[in-house]
There are 2 protein chains.
Amino acid sequence: MSKIVIKLDEHTFASPDRIERITKKIINEKNNGFEVVVVVPFIHLIDEKLRQYAFTLSENPIQRELDSIRSTNTQITSSLLTIALNKRGYNAVSLTGWQAGISTITPNRNVLIEHIESENILSHLRNGEITIIAGGQGIDENNNITLLGEGGVETTAVGVAVAIDAERVEIYTNETGVFTADPKIVKDAHQIKQMSYDEMLELSLLGSKIIHPRAVELAKKYNMTIVIGSSTENVPGTVIKGEVEMERNLIVRGIAYETDIIRLTVGYDSYEQASLASLFTTLADNNINVDIIVQAVIDGVKPTVSFSIDKEVFAEAIKVLEMNKQLLGFSFADFEVGLAKVSIVGSGMVSNPGVAARMFDRLKNEQIQVKMVSTSEIKVSVVVPQDDMVRAANALHDEFNLVEELV
Amino acid sequence: MSKIVIKLDEHTFASPDRIERITKKIINEKNNGFEVVVVVPFIHLIDEKLRQYAFTLSENPIQRELDSIRSTNTQITSSLLTIALNKRGYNAVSLTGWQAGISTITPNRNVLIEHIESENILSHLRNGEITIIAGGQGIDENNNITLLGEGGVETTAVGVAVAIDAERVEIYTNETGVFTADPKIVKDAHQIKQMSYDEMLELSLLGSKIIHPRAVELAKKYNMTIVIGSSTENVPGTVIKGEVEMERNLIVRGIAYETDIIRLTVGYDSYEQASLASLFTTLADNNINVDIIVQAVIDGVKPTVSFSIDKEVFAEAIKVLEMNKQLLGFSFADFEVGLAKVSIVGSGMVSNPGVAARMFDRLKNEQIQVKMVSTSEIKVSVVVPQDDMVRAANALHDEFNLVEELV
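Because the structure is a prediction, the values reported are computed rather than measured.

### Some thoughts on the interface of chain B and chain A
At step 1: Opposite the 44 residues of chain B that make contact, chain A presents 43 residues.
At step 2: Summing both sides of the interface, chain B and chain A together bury roughly 3800 Å²; the carbon and sulfur share of this comes to 65%.
At step 3: Broken down residue by residue, the surface that chain B buries against chain A is led by Tyr53, Leu57 and Ile83 of chain B, which jointly contribute 19%.
At step 4: Applying the counting criterion to the chain B and chain A interface returns two salt bridges.
At step 5: For the salt bridge of Glu59 of chain A with Lys87 of chain B, the shortest nitrogen-to-oxygen distance reads 3.0 Å.
At step 6: Across the chain B-chain A interface, the total number found is 18 residue pairs in polar contact (both at pLDDT 80 or more).
At step 7: Going through the elements one at a time, helix H1 (16-31), helix H2 (47-57), helix H3 (63-87) and strand S3 (92-95) of chain B are the ones with two or more residues in the side of chain B that touches chain A.

### Some details on the sheet that holds strand S11 (residues 226-230) of chain B
Within a beta sheet, neighbouring strands are joined by backbone hydrogen bonds and run either parallel or antiparallel to one another.
Residue and element names in this part refer to chain B.
At step 1: Within the open sheet, the eight strands sit side by side as S3-S6-S2-S1-S9-S11-S12-S10. Their pairing is mixed. The open sheet has two free edges, formed respectively by S3 and strand S10 (194-196), since each of these has just one partner strand. Averaged over all adjacent pairs, the angle separating strand axes in this sheet is 20°, with direction ignored.
At step 2: Bridge count between strand S9 (residues 168-173) and S11: five bridges; the pairing is parallel.

### Remarks on the relation of the copies chain B and chain A
At step 1: Mapping chain B onto chain A leaves a residual RMSD of 0.2 Å; the transformation is a rotation of 180° accompanied by 0.1 Å of translation along its axis. Here the transformation between the copies is reduced to the relation of a two-fold axis. For chain B, the smallest separation between a C-alpha atom and the rotation axis is recorded for Thr72 of chain B, amounting to 2.8 Å.

### Some points on the domain arrangement of chain A
At step 1: Assigned domains within chain A: domain 1 (3-173) and domain 2 (255-399).
At step 2: Taking only C-alpha atoms, the centre of domain 1 of chain A and the centre of domain 2 of chain A are 38 Å apart.

Cut-offs and rules
Residues numbered from 1 in each chain as written. Chains lettered and ligands numbered in written order. Predicted model: local features only at pLDDT ≥ 70, side-chain atom pairs only at ≥ 80, totals over all residues. Heavy atoms only, no water. Contact = heavy atoms within 4.5 Å. Buried area = accessible area lost by both parts, 1.4 Å probe. Salt bridge = Lys/Arg side-chain N within 4 Å of Asp/Glu carboxyl O. Polar contact = N/O pair within 3.5 Å; in protein donor to acceptor, adjacent residues only side chain to side chain. Helix = DSSP H or I, 4+ residues; strand = E, 2+ residues; numbered from the N terminus. Pairing = 2+ DSSP bridges. Axes fitted to C-alpha atoms, helices over the stretch in contact; angles between N-to-C directions. Least-squares fit on C-alpha atoms with pLDDT ≥ 70 in both. Domains from an automatic or database assignment.

Right under this line is the structure:
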């Protein structure tokens, strides 16, 4: 019998009503003849209160215990959903990370899935039980409960799907799928039917909250099909898989944007003083994430390096730069606020040189000033004034014919 | 190194302040050179809300999932205490039931500890870690999370103590130990220094909330010393062990009482119709606990059977009797409210016949009417009017010289 893994989102658990509704969708898949595994997310039911309690006891509670406390969140969620499915007359069973056989390792600071011993899951599926797994958790080699961190729930879903050889993973969200651009800002935006792992990966990295890049990477590695779909509506979602029909493949697949970007520029008196390594190491040590980095190296001009950061870390970044001015050896720093990032993504770019040029050209025609540029094999990002962001996104959506997407 | 197991009570977790205080006591034991295991209880932090949620989803949620949800309670408690101990600079680690190696079986409706694979606990103790175990939980042979039910937390403490060969189990309570009678009603009541398992067992069965009889039975089976003591004050507690110093052993060790007892009497027209078996089976099937049972068999008098029940189940008991009147074959039923039970307990009774007679005699002199009587090898209970309960308890306390207890 074919198996599918469904990953639910937090909204599903906002009320008993919503749980009722999702049980219908799950039962539907079961009645379609699938063996169904459901991976449940963390919900805001109890976490904050417990965290506060823990931090009252110690300003620096150790991670192992915080993880053990937080792991109870998805454990509880999995039992609640199981109860709701039972109520509708379907056999279901909840499994914690360790009960589902999920082993983790922590090579650096990140907890990763090492192995999934799937026998327990498979035996419940063979019994005809809908198997509900607490997402984002596992155990390490010493039987300590571990949390998979950011993107852990989606990663659990993909990992389990690979381990039990499922046909696909369905990621249920508030949206009906992935769009060519945010419909709120690009009026012609529409849902994408199919895309490649790399395209989804770039969109995820560009801030799409639908699925964490980590889970996409895992799916890509094992060629596991992902469907992004709605948890409430019955419409086809966006299919993410290895090979998208070649001929119909568009150069640009989608447009992403990010607001509230700030450009910081640091200038040096001479090249000898300009150490990019020490600059970005210092920022990283202070947990300041830098996105686009541009270094201007022009003869006869004093060297500068510009980088973009999120508004949230701006004050902290300024503080860190000031405190380390001598160490870092720069002579001045300035910044520009009110910027936004607009990106085009598409694996067709690899074989279509000139995409970036076409992008710049169109933006120039629209009289939109490009402040910074960053490119990857399947993505070009530009930083523009935030006031021009919507115009830029719409222009690029038009420029690359996303309106006419056929697949 | 000697090991001890400490069982905390719920009051300990009423506030971060109290947790702070208990950590001092635990650290004290550690500094005294013990390897320390702590077993934590269920606390009223989150349970009710989650139960309500579960019952919103289904009026009859299955036990496995309710157990899994409720098991997170002591799991969270164990982590919170671990965090508090860490904060004070002591290595500590929390263990769930399965992490502590606790396997359960469910031969009938009760979940029992089958085995404790203590290697993980011992290895943490060897590392110098104070080991905090989530009380009242384990896993069955299929790795399902199970709850030990009533008295499960104390039973975990005693079970773990046996498994790791601890020197003793310390049961921390709101009291400083076990008293000869409730100090609130008997002014001369004082704390007992030592008592036998059987004596504690009878006191527990008589409604003392200090320790569940199930845990006492387990301690008796493995001859594990229990100390009942205060979680806040530093005074010696009551030691419960197999052999209490023989010569100083008093005939009566303590006095217990229970209020709000109701006597129900059922009468039959003839002995042929009087089936005690079907009467008490019917009551048990409806979860009505019967305490004292007295059958009067007198020539020439119609047979009756009287039994005592708690006020809480009175309405239900009447309903069950009415519904089954024909089946049970009785001709009338009546009841008496406003009663209380007073009991004397002491293993010295076994070798001292006439204790019950002395008890009845004293009560008669006090003009207290005895409504029902029940005896065991080391206990005599009488049901008296509730208005006379305090007088009865004080008189018996005096009669058996509990005031002058030497040990």
